[in-house]
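Listed here are the chains, written in short residue letters.
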Amino acid sequence: MQNAPTPPITDPAERNAWKSGFTPQAENWNGRLAMIGFVAALLTELFTNQGVLHFWGLL
């Protein structure tokens, strides 16, 4: 038995809705927050001249 495909999201307000579970909205937010975390890690390394784990004292 196959699941029916998810219809595309055309309303911008619906695209940015905060929904949990395996939904396209949750995947959008997951990607956005991951990008923010990656940039924060890069900036930490750039400004402190040490890796994130060294900065936190884990290594």
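Residues numbered from 1 in each chain as written. Predicted model: local features only at pLDDT ≥ 70, side-chain atom pairs only at ≥ 80, totals over all residues. Heavy atoms only, no water.

Focus: the overall build of the chain
Right, on to step 1. When its secondary structure is counted, the chain shows three helices and zero strands.
Right, on to step 2. Its C-alpha radius of gyration of 18 Å places the chain more than 25% over the 10 Å reference for a compact globule of 59 residues.
Right, on to step 3. Summarising its shape, the C-alpha atoms of the chain cover approximately 50 × 30 × 15 Å along the three principal directions.
Right, on to step 4. A buried classification covers 7% of the 59 residues belonging to the chain.
Right, on to step 5. Taken as a whole, the chain presents about 5200 Å² of accessible surface, with 65% of it coming from carbon and sulfur. (Helix = DSSP H or I, 4+ residues; strand = E, 2+ residues; numbered from the N terminus. Rg over C-alpha atoms; globule rule 2.2 N^0.38 Å. Buried < 20%, exposed > 50% of the residue type's maximum accessible area, 1.4 Å probe, protein only. Areas by Shrake-Rupley, 256 points an atom, 1.4 Å probe, with all protein chains shown as cover.)

Observations concerning the confidence of the model for the chain
Right, on to step 1. Looking at the chain as a whole, the pLDDT averages 85, with 98% of positions reaching at least 70.
Right, on to step 2. Ranking the helices and strands of the chain by mean pLDDT puts helix α2 (residues 24-48) first, with 92, and helix α1 (residues 12-15) last, with 74. (pLDDT = per-residue confidence, 0-100.)

Quick word on the packing of aromatic side chains
Right, on to step 1. Counting across every chain of the model gives zero aromatic pairs.
Right, on to step 2. Its guanidinium or amino end placed over the ring of Trp 29, Arg 32 lies 5.0 Å from that ring's centre, counting from NZ or CZ. (Phe/Tyr/Trp six-rings, centres within 6.5 Å; stacked < 30°, edge-to-face > 60°. Lys NZ or Arg CZ within 6 Å of the ring centre and 35° of its normal.)

Focus: α2
Right, on to step 1. The end-to-end C-alpha distance of α2 is 36 Å, a good match for the 36 Å that 25 residues give at a rise of 1.5 Å each.
Right, on to step 2. Among the residues trailing α2, Asn 49 stands out with phi positive, at a value near 55°. (Expected span 1.5 Å × (residues − 1).)

Concerning unusual backbone geometry
Right, on to step 1. A positive phi is found at Asn 49, a non-glycine position, where the angle reads about 55°.
Right, on to step 2. Along the chain, the position of Asn 49 falls in the loop between α2 and α3 (52-55).
Right, on to step 3. For Asn 49, a relative accessible area of 70% translates into the label exposed.

Re the environment of Ile 9
Right, on to step 1. Tracing the backbone through its elements, the reader meets Ile 9 in the segment before α1.
Right, on to step 2. A C-alpha to C-alpha distance of 37 Å links Ile 9 and Glu 45, two positions 36 residues apart in sequence.
Right, on to step 3. Residue contacts for Ile 9: discarding those within four places in its chain leaves Glu 14, Arg 15, Pro 24 and Gln 25. (Contact = heavy atoms within 4.5 Å.)

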